[in-house]
Amino acid sequence: MSSTKPLLVLLLAAAAGCGGLPVQAAEVCPAQPAQPLRQVDVFDGPVEDLATLVPDSAKERSGYWQVGYVYAAGRTVNVRCHYADGRTVDVPMAKKVDRCDYRIDAKKTLTLNCQ
């Protein structure tokens, strides 16, 4: 039993170290050639249900949605990306994310990253 104690301590230390790694934010909306992203809608569940979420923080050039509670309730987040030419692309967020952040640059091009 005492020979497994050092191994247990090593495994616990390794697991604790992994929890501190930063999570990479992934851009959600696919790039469209010569068509900048102009607007996004974030939905609690399928887009068809029209359960649009209001950002938790909405400033002129940035903001975010806290969405972890959607997954905790057994649902998923879906994003509708609106481009300058009027096209839209729906992106299901099957893997759990806790937060989606948006930024708007000087050319009024929007980016949405979720992590």
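Scroll up to find the structure.
Just so you know, these numbers come straight off a predicted model, no measurement behind them.

### A few points about the sheet that holds strand β5 (residues 77–83)
So, point 1. Taken in spatial order, the three strands line up as β2-β5-β6 in an open sheet, and their pairing is antiparallel. Every other strand in the sheet has two partners, leaving β2 (37–44) and β6 (88–93) as the edge strands with one partner each. Averaged over all pairs of adjacent strands, the angle between strand axes in this sheet comes to 20°, irrespective of strand direction.
So, point 2. In the sheet, β2 pairs with β5 via seven bridges, with the strands oriented antiparallel. Bridge pairing links Leu37 to Tyr83 in β5.

### A word on the state of the cysteines
So, point 1. Enumeration according to the criterion identifies two disulfides in this entry.
So, point 2. The residue that forms a disulfide with Cys100 is Cys114, at a sulfur-sulfur distance of 2.0 Å. Judged by the sign of its S-S torsion, about 110°, the cystine formed by Cys100 and Cys114 is right-handed. Note that Cys100 is positioned in strand β7 (residues 99–104) and Cys114 in strand β8 (residues 110–114), a separation of 14 residues in sequence.
So, point 3. On the basis of relative accessibility, which here comes to 0%, the residue Cys100 falls in the buried class.
So, point 4. Once the disulfide-bonded cysteines of the chain are ranked by sequence position, their pairing pattern turns out to be 1-2, 3-4.

Scoring rules and cut-offs
Residues numbered from 1 in each chain as written. Predicted model: local features only at pLDDT ≥ 70, side-chain atom pairs only at ≥ 80, totals over all residues. Heavy atoms only, no water. Pairing = 2+ DSSP bridges. Helix = DSSP H or I, 4+ residues; strand = E, 2+ residues; numbered from the N terminus. Axes fitted to C-alpha atoms, helices over the stretch in contact; angles between N-to-C directions. Disulfide = S-S within 2.5 Å. Buried < 20%, exposed > 50% of the residue type's maximum accessible area, 1.4 Å probe, protein only.

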